[in-house]
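An overview of the molecular structure
The lines below spell out each chain.
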Amino acid sequence: MDNINKNRLFIASCIALIVTAMTFAIRARLETVFGPEGIGLTLEQIGYAFTPAFWGFTLAMIVGGPLVDSLGIKKITWIAFVTHAIGIVLTLLATSMTSLFVATLFVGIGNGMVEAALNPMIASIYPDNKTKMLNRFHVWFPGGIVIGALVGYLIMDIIGLNWQVMVATLFIPLIIYGYLFFGQKFPVTERVQMGVSYGDMFKSVLRPLFIFMVLCMFLTAASELANTQRIESLLSKSIAKPLLVLAFINGIMALGRAFSGQVIHRLKPAGMLLFSAIFTFVGLWLLSSATGTMVIVAAAIFAIGVTFFWPTMLGFVAEYLPETGALGLSIMGGAGMFSVSVVLPIMGNMLDNASPGEVLRIMSILPAILIVVFIGLNVYMKKRKNS
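Residues numbered from 1 in each chain as written. Predicted model: local features only at pLDDT ≥ 70, side-chain atom pairs only at ≥ 80, totals over all residues. Heavy atoms only, no water.

1. Here's the deal with the overall build of the protein chain
- Counting secondary structure elements, the protein chain contains 20 helices and zero strands.
- Taken along the three principal axes of its C-alpha coordinates, the protein chain extends 55 × 45 × 30 Å.
- Across the 387 residues of the protein chain, 60% fall into the buried class.
- Taking as baseline every contact in the protein chain between residues at least 6 positions apart, the subset at least 24 positions apart corresponds to 85%.
- For the protein chain, the exposed area adds up to about 14700 Å²; of that, 69% sits on carbon and sulfur atoms.
- Both charge centroids of the protein chain, one from 24 positive and one from 16 negative side chains, sit 9 Å from each other. (Helix = DSSP H or I, 4+ residues; strand = E, 2+ residues; numbered from the N terminus. Buried < 20%, exposed > 50% of the residue type's maximum accessible area, 1.4 Å probe, protein only. Contact = heavy atoms within 4.5 Å. Areas by Shrake-Rupley, 256 points an atom, 1.4 Å probe, with all protein chains shown as cover. Lys, Arg positive; Asp, Glu negative; His and termini not counted. Charge placed at Lys NZ, Arg CZ, Asp CG, Glu CD.)

2. Some thoughts on the nonpolar core
- By size, the foremost hydrophobic cluster in this structure holds 129 residues, and its most contacted members are F34, Y177, M332, F374 and L377.
- In contact with M332, not counting residues within four places along its chain, are F210, M213, V214, M217, M313, L314 and V317. (Core = buried A, V, L, I, M, F, W, Y, C linked by side-chain atoms within 4.5 Å.)

3. Structural notes on the pattern of salt bridges
- Scanning all chains against the criterion turns up two salt bridges.
- In this structure, the salt-bridge partner of D157 is R29, at a minimum N-O distance of 3.0 Å. Separated by 128 residues along the polypeptide, D157 in helix α7 (residues 140–158) and R29 in helix α1 (residues 6–34) bring together distant segments of the chain.
- R207 serves as the salt-bridge partner of E323, at 2.4 Å between the closest nitrogen and oxygen. Of this pair, E323 sits in the loop between α17 (309–320) and α18 (325–353) while R207 sits in the loop between α11 (198–204) and α12 (208–229); the two residues are 116 residues apart in sequence, bridging distant segments of the chain.
- You can call E323 buried: its relative accessible area is 19%. (Salt bridge = Lys/Arg side-chain N within 4 Å of Asp/Glu carboxyl O.)

4. Here we look at α1
- With 29 residues, α1 extends 41 Å from end C-alpha to end C-alpha; this agrees with the ideal 42 Å at 1.5 Å per step.
- If you look at α1, its biggest bend is around 25°, right at A28.
- In terms of burial, α1 is largely enclosed, as 24 of its 29 residues are buried. (Expected span 1.5 Å × (residues − 1). Bend = angle between axes of the 7 residues up to and from the residue.)

5. Considerations on the packing of helix α2 (residues 43–50) against helix α5 (residues 97–125)
- As a packed pair, α2 and α5 sit with axes 8 Å apart at the nearest point and diverge in direction by 30°. Two secondary-structure elements touch here, α2 through Q45, Y48, A49 and F50 and α5 through M97, L100, F101 and T104. (Axes fitted to C-alpha atoms, helices over the stretch in contact; angles between N-to-C directions.)

6. A look at the packing of α17 against α18
- Where α17 meets α18, the axes come as close as 9 Å, and the angle between the chain directions of the two elements is 150°. In this view, α17 runs roughly antiparallel relative to α18, as classed from their interaxial angle. The two elements α17 and α18 cross, and the hand of that crossing is right-handed. Contact with α17, carried on its side by W310, M313, L314, V317 and A318, involves L329, M332, G333, G336 and M337 of α18 and no other residues of that element.
- Partitioned by chemical class, the residues of the contact of α17 with α18 number eight nonpolar, two polar and no charged. (Parallel < 35°, antiparallel > 145°, perpendicular 65-115°, else oblique. Left-handed = near helix turned anticlockwise from the far one by under 90°. Nonpolar A, V, L, I, M, F, W, Y, C, P; charged D, E, K, R; others polar.)

7. A few points about the confidence of the model for the protein chain
- With 96% of its residues at a pLDDT of at least 70, the protein chain reaches an overall mean of 87.
- The least confident element of the protein chain, judged by mean pLDDT, is helix α10 (residues 190–194) at 69; the most confident is helix α9 (residues 171–181) at 96. (pLDDT = per-residue confidence, 0-100.)

8. Points about the packing of aromatic side chains
- Overall, the coordinates contain twelve aromatic pairs when judged by the stated rule.
- Between Y177 and F181 the ring centres are 6.1 Å apart and the planes differ by 85°, which places this aromatic pair in the edge-to-face class. Here Y177 pairs with F181, and both are found in helix α9, just four residues apart, close to one helical turn. Per residue, the accessibility class of Y177 equals that of F181, and both read buried.
- Ring pairs connect the aromatic residues W78, F81, Y177, F181 and F186, which therefore count as one cluster.
- R27 extends its terminal NZ or CZ atom over the ring of F24, reaching a point 4.8 Å from the ring centre. (Phe/Tyr/Trp six-rings, centres within 6.5 Å; stacked < 30°, edge-to-face > 60°. Lys NZ or Arg CZ within 6 Å of the ring centre and 35° of its normal.)

9. As for a nonpolar patch on the surface
- Taken together, the side chains of W55, L59, V63, L67, L71, I79, F338, V342 and I346 make up a nonpolar region of the molecular surface, amounting to roughly 710 Å² of accessible area.
- Elements represented by at least two residues in the nonpolar patch include exactly α3 (52–71) and α18.
- The greatest single-element share of the nonpolar patch, amounting to five residues, is contributed by α3.
- Mapped onto the elements, I79 comes out in helix α4 (residues 73–93). (Patch = residues over 30% accessible without salt bridge, like charges linked within 9 Å, V, L, I, M, F, W, Y side chains within 5 Å.)

10. Concerning the environment of D128
- Structurally, the position occupied by D128 is in the loop between α5 and α6 (130–137).
- Given the relative accessible area of 71%, D128 is considered exposed.
- Expressed as a C-alpha distance, the spacing of D128 and D352, which sit 224 residues apart in the sequence, is 48 Å.

11. Remarks on the environment of V372
- Looking at the secondary structure, you find V372 in helix α20 (residues 365–386).
- Overall, V372 belongs to the exposed group, its relative accessible area being 59%.
- Spatially, the C-alpha atoms of V372 and A277 are 9.1 Å apart, while their sequence positions differ by 95 residues.

12. Notes on the environment of M363
- Inspection of the secondary structure puts M363 in helix α19 (residues 356–363).
- Along the backbone, M363 and L284 are 79 residues apart, and their C-alpha atoms lie at a distance of 7.5 Å.
- Setting aside anything within four residues of it in sequence, one finds M363 in contact with A222, A226, N227, L284, V343 and M347.

See the structure below:
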């Protein structure tokens, strides 16, 4: 780790994640721009146009994960920068479902490369505090969504400027993180440091515990990201400004992740996941029938639930299955985003044919399943510790 500026790399990583997160918030606002009252796409068509943000992310992580070790973290990071820039430009030029689809694909690849490169980098530079520092890094996913949601609300709803101005604000953090990464020395991945071979890394991702966590990632990611990505449609009949609710949810998430150290120490990763599943289920169930100020209460409960899902799933793998290396973290993130790409158009179809409350009740089934699953995980981890 000689001559590696850990603080600068960490700050740059956080700003790169802000770009990723802002695209989620801004895309949520674009649902009204391209939807039935705007350009005229159906909610199902918008769901399909938005899916590359998630399966493009998955593709980038699955491809980028193994390449992190061979090409190095630095090159993958710069691929993220270039594809982010292309995606933002194409979004500004989008006028139809097809052009929005292509733009979203490049943004998704950029987002996936950020996670493929920077999750293993943070695990590498903070080997003794992986879950804690991954939670701190992922503060800036909800934090970036808050920034993006407020930027969208300010530019479009308060000032009344067009949507292209909102999208163009993404260039600000993009340029900043490019500048901070420029000329820096990057570490090798933890797998390389440990001397684990490629063959052993690929074998390790076939272990039952890892496969179990990948399957869980399908449900945790969909519970969080599918619902927040479609918040404009889900809450449009319950409250006047759904985008501000999105900012509120992600503000709670950012605070929770920033001060997650004590919670991690007390509950351990498996306990945190069970805690998250319970609150997510209760929050979604309450949101399905809430109106007015009760929407805020239900949203707060939901936010507490989803706060720790993503970083703790990654932290669990980094902590208990370190030999899976960058590939393991990439498969986890890719699985999560792929699940969202599948769920989004299904939700769009449901929203075209059912009430938002009914859709939210259906979505609450996912964390209900996770409650049962994570009870089993906690029992298993206790037995493993005592054996």
